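Fold and geometry: a report
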Amino acid sequence: MVGSHLGGILTTPKKKIVIVGGGAGGLELATRLGNKLGYKRKAAITLVDRSNSHLWKPLLHEVATGSLDDGVDALSYLAHAHNHHFRFQQGTLTNINRETQTLQLAHICDEQGGELVPSRELTYDILVIALGSTSNDFGTPGVKDHCIFLDNPHQARHFHNEMLNLFLKYSAYPGQKKRVNIAIIGGGATGVELSAELYNTVKQLHSYGFESLDNSALNVTLVEAGERILPALPPRISAAAHLELSKLGVRVLTHTMVTRVNASGLNTQGGEFIDADLMVWAAGIKVPDFMKDIGGLETNRLNQLLVEPTLQTTRDPHIFAIGDCAACPKEGGGFVPQRAQSAHQMASRCFTNILALMNGQTLKPYVYKDHGSLVSLSRFSTVGSLMGNLMRGSMMVEGRIARFIYILLYRMHQVALHGYIKTGLMMLVGSINRVLRPRLKMH
Ligand SMILES: Cc1cc2nc3c(=O)[nH]c(=O)nc-3n(C[C@H](O)[C@H](O)[C@H](O)COP(=O)(O)OP(=O)(O)OC[C@H]3O[C@@H](n4cnc5c(N)ncnc54)[C@H](O)[C@@H]3O)c2cc1C
């Protein structure tokens, strides 16, 4: 599909470009298209998201532990759309009709189930699917009923409230033997970062007056089925993170498969029962089931849309897919990993390819550039690897430099959304807030 011109569809003025999903990739794309085409009224850009505000997903574990207040950091889609010359429609995609080039959006209900907005249809000339992924419980019994997923801010806030309740209960009965047991299933970045953040939370709560609460009150078990945590990163980084977590007090279990979960804990394949007051499932991701073969498009077993290197779906060149929901072939074999940096890079390539498509030019392939991966162990440490030609492979980084580069990925997302000046101002406000506001959200 590299090089397709799609003559015909792009000759009429004011094409409708619809982007579904305003996350790490979709919102950056909508912003760039709005600034370039919406501003000059060369195309009508519409962003659709089921939520009314955006929070960069890699920050969710900080919302869960209270280190970050999503009320302060979330971005209103409506206001952002207004400033960047695109339209925003709140709605949940349920189906695509490729013959009529129409999307179906589910009705919107209030918390009591009353209908606020009926189901709707939206037509497009060019469609970009960027609706991310959700947790994959692999059908493990009890997970849906007893574990919390960290897929959206609502779930992160739910974890936060449950965690605060547990700590409150613990501190109301000083001297009791039972500790607060938290089990995290999945030793990827989410599980590792959340484990470390919990110890930071306890430290903060102790300083706020929960005097009986300290590291010895917290019992975090991190369960990983594979041979090491952070399997996507080089072994020496896994080893460094494992050591740091163990120093904090986390019980790290590798080669441990969870077979069943109930209200009081989880069973492992090895026969152990792990007692847990609170359980988080972060052991894998997939694209929601309604996406399987949606609109007759080609999907894989994770329900990801198969795309050509140009990011156009294999069966429809008018439909692009980017980010976690796209299965994009990687140079040298395999597929592009589901990460924020991939979503960011794909948004840039999709932007230039949509412009090329509209101008009848050749579309270019997306080439994944791995800049390395960093994992934050809260305020205690940051570990990771950087990739680069200079290093001829990967270089391990730790400490302050690693922390700086870790934060840089979020800053790049902010720059893509707001530009350098506004991002600079936001950093300034963030620094002031660190002085004015409590370090931990308690409500
Ligand atoms: C806790 C956590 C920590 C992470 N840490 C890192 C990290 O350190 N580094 C890294 O590279 N990656 C990290 N990731 C992964 C990273 O967040 C994702 O790879 C990235 O966000 C994918 O971007 P996306 O644009 O594809 O989807 P998302 O950012 O998930 O955005 C999807 C958007 O689609 C919307 N949506 C979903 N379904 C529908 C629907 N049916 N209709 C309309 N809208 C819909 C959602 O509301 C959301 O706004 C982390 C993920 C989590 C959960």
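Since we're looking at a predicted model, the values are computed, not measured. (Residues numbered from 1 in each chain as written. Predicted model: local features only at pLDDT ≥ 70, side-chain atom pairs only at ≥ 80, totals over all residues. Heavy atoms only, no water.)

1. Observations concerning the domain arrangement of the protein
- Domain boundaries in the protein define domain 1 (12–133 + 287–358) and domain 2 (143–285).
- On a C-alpha basis, the centres of domain 1 and domain 2 stand 32 Å from each other.
- In this complex, domain 1 contributes 16 residues to the contact, which on the side of domain 2 involves 16 residues.
- Here domain 1 meets domain 2 over a buried area of about 1,300 Å², counting both sides, of which 61% is carbon and sulfur.
- Summed over the three residues of domain 1 that lose the most area to domain 2, namely H61, A64 and T65, the buried surface amounts to 41% of that side.
- Inspection of the domain 1/domain 2 interface yields zero salt bridges.
- The leading source of residues in the side of domain 1 that touches domain 2 is helix α2 (residues 60–65), at six residues.
- For the side of domain 1 that touches domain 2, the per-class residue count stands at five nonpolar, six polar and five charged. (Domains from an automatic or database assignment. Contact = heavy atoms within 4.5 Å. Buried area = accessible area lost by both parts, 1.4 Å probe. Salt bridge = Lys/Arg side-chain N within 4 Å of Asp/Glu carboxyl O. Helix = DSSP H or I, 4+ residues; strand = E, 2+ residues; numbered from the N terminus. Nonpolar A, V, L, I, M, F, W, Y, C, P; charged D, E, K, R; others polar.)

2. Re empty space enclosed by the protein
- Following the criterion strictly, the structure yields one cavity of 30 Å³ or more and no others.
- Estimated volume of the largest cavity: approximately 40 Å³.
- Taken together, A24, E28, W56, A340, H344, L409 and H413 form the lining of the largest cavity.
- Listed by contribution, the elements that provide at least two residues to the lining of the largest cavity are α9 (340–358) and α10 (399–436). (1 Å grid on protein atoms, 1.4 Å probe; cavity = no way out; pocket = protein on both sides within 12 Å on 5 of 7 lines; lining within 4 Å. Points joined across faces, edges and corners; volume = space filled by probe spheres on them.)

3. Let's talk about the environment of S119
- Inspection of the secondary structure puts S119 in the loop between β9 (115–117) and β10 (120–123).
- In this structure, S119 is in contact with L105, A106 and H107, ignoring residues within four places of it in sequence.

4. Quick word on the sheet that holds strand β23 (residues 312–313)
- Spatial ordering of the open sheet is given by β5-β2-β1-β11-β24-β23, a layout of six strands whose pairing is mixed. Strands with a single pairing partner mark the edges of an open sheet, and in this sheet they are β5 (87–90) and β23.
- The sheet contact formed by strand β11 (residues 126–129) and strand β24 (residues 316–321) spans three bridges and is parallel. Note that in β24 the partner of L127 across the bridge is I319.
- Packed on one face of the sheet, helix α1 (residues 26–38) meets β1 (15–20), β2 (43–49) and β11 and runs near 160° to β2. (Pairing = 2+ DSSP bridges. Axes fitted to C-alpha atoms, helices over the stretch in contact; angles between N-to-C directions.)

5. Quick look at the site of the ligand
- Of all residues adjacent to the ligand, which total 28 residues, the nearest are G25, D49, L93, D324 and A340.
- Within the contact set of the ligand, an oxygen atom lies 3.4 Å away from a side-chain nitrogen or oxygen of Y77.
- Computed on the free molecule, the ligand has an accessible area of 1,000 Å², of which 89% lies beneath the protein chains in the complex.
- Looking at which element gives the most residues to the shell around the ligand, the answer is α9, with three residues.
- Its residues assigned to classes, the shell around the ligand comprises 11 nonpolar, 12 polar and five charged. (Near = heavy atom within 4 Å. Polar contact = N/O pair within 3.5 Å; in protein donor to acceptor, adjacent residues only side chain to side chain. Areas by Shrake-Rupley, 256 points an atom, 1.4 Å probe, with all protein chains shown as cover.)

6. Comments concerning the packing of aromatic side chains
- Taken as a whole and judged by the stated rule, the model has two aromatic pairs.
- Taking the centre distance of 4.8 Å and the plane angle of 25° together, the rings of Y77 and F88 count as stacked. One end of the pair, Y77, is in helix α4 (residues 77–83); the other, F88, is in strand β5, with 11 residues separating them in the sequence.
- The exposure class of Y77 is buried, given its relative accessible area of 3%. (Phe/Tyr/Trp six-rings, centres within 6.5 Å; stacked < 30°, edge-to-face > 60°. Buried < 20%, exposed > 50% of the residue type's maximum accessible area, 1.4 Å probe, protein only.)

7. Things to note about the state of the cysteines
- In total, this model carries zero disulfides according to the counting rule given.
- As a non-bridged cysteine, C350 has C325 as the owner of its nearest cysteine sulfur, 11 Å distant. (Disulfide = S-S within 2.5 Å.)

8. Observations concerning the layout of surface pockets
- Approximately 280 Å³ is the volume found for the second largest pocket.
- Around the second largest pocket, the lining is made up of 16 residues, and of these K14, A43, A44, I45 and R87 lie nearest the centre.
- Of all the elements in the fold, those that place two or more residues in the lining of the second largest pocket are β1, β2 and β10.

9. Concerning the environment of V258
- Mapped onto the fold, V258 is located in strand β17 (residues 258–262).
- Taking C-alpha positions, V258 is 7.9 Å from V223, a pair spaced 35 residues apart along the chain.
- Those residues in contact with V258 that lie beyond four places of it in its chain are T140, I185, V223, L266, N267, T268 and W281.

10. Focus: the sheet that holds strand β19 (residues 273–275)
- Here we have three strands laid out as an open sheet, ordered β17-β18-β19, and antiparallel in their pairing. Edge positions in the open sheet fall to β17 and β19, since each of these has one partner strand only. Direction aside, the axes of adjacent strands within the sheet are offset by 20° on average.
- Both β17 and strand β18 (residues 265–268) contribute to a ladder of four bridges, which runs antiparallel. Bridge pairing in β18 links V261 to L266.

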